[in-house]
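Structural overview for review
Residues per chain, in single letters:
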Amino acid sequence: MPRNLAAVFVLLAAPLSAIAAPGVSDAQPYPINPGYWEVTTNWLGLVKKTEHWCVGPKAIPRFLAGPCNHIYHCTYPVQQFHDGHAHFEGEIRGHDELYHVHGGGTYSPTTMDMQVIGAGHWHIVPVLDAEASMKAHFLTEVCP
């Protein structure tokens, strides 16, 4: 497993370019609660990591949108968020890397469960059906 590819998928909750989050009700101004979250990522069932994230109101759309980090250029022409369901499709590009990814899952104000599947290449090595998942739950409104 290429280390850079694992970093991309493990950072499923990492910041991404801002998007609008449709489907937000009047009673709840955000699709998920802003605040302190516990996030567990799982790469192919082999690498599991639990972290704590402070998710501010402006970061919520990026938290839901799809995998990316500052090393890669990510485009997601398909992004759908409605009634607690998310779906995204796009590309992740890096130096000598290209992955076509799709994924999604469910979310509520206090929980999130997302999956991503990708295929492409790392240098000249083909990468097929790489899977990652993220489960998160809200801890508190106040970040430490």
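First, a word on scope: everything that follows refers to the structure included in this document. All figures in this text were calculated on a predicted structure; none of them were measured in a lab. (Residues numbered from 1 in each chain as written. Predicted model: local features only at pLDDT ≥ 70, side-chain atom pairs only at ≥ 80, totals over all residues. Heavy atoms only, no water.)

1. Let's talk about the state of the cysteines
The test is simple: Whenever a pair of cysteine sulfur atoms sits within 2.5 Å, that pair is classed as a disulfide. Secondary structure elements are taken from DSSP: a helix is a run of H or I of four residues or more, a strand is a run of E of two residues or more, and numbering for both begins at the N terminus.
Scanning the model with the defined rule gives one disulfide in all. Across the disulfide from Cys 54 sits Cys 143; the S-S distance is 2.0 Å. Between Cys 54 and Cys 143, the disulfide has an S-S torsion of 95° and is therefore right-handed. Placement of Cys 54 in strand E2 (residues 47-55) and of Cys 143 in the segment after strand E7 (125-140) is noted, with a sequence separation of 89 residues between them.

2. With respect to the pattern of salt bridges
Applied cut-off: Salt bridges are defined by distance alone: a side-chain nitrogen of Lys or Arg within 4 Å of a carboxyl oxygen of Asp or Glu. Burial classification: accessible surface area is computed with a 1.4 Å probe over protein chains only, and a residue below 20% of its type maximum counts as buried, one above 50% as exposed, and the rest as partly exposed.
Applying the stated criterion across every chain yields a total of three salt bridges. Between Lys 49 and Glu 51 there is a salt bridge; the shortest N-O distance is 3.4 Å. By relative accessible area, which is 40% here, Lys 49 ends up partly exposed. When its relative accessible area of 24% is taken as the criterion, Glu 51 is described as partly exposed. Among the ionic pairs, Asp 113 bridges to Lys 135, the shortest N-O distance being 3.1 Å.

Don't take any of this as a statement about function, it's just geometry.
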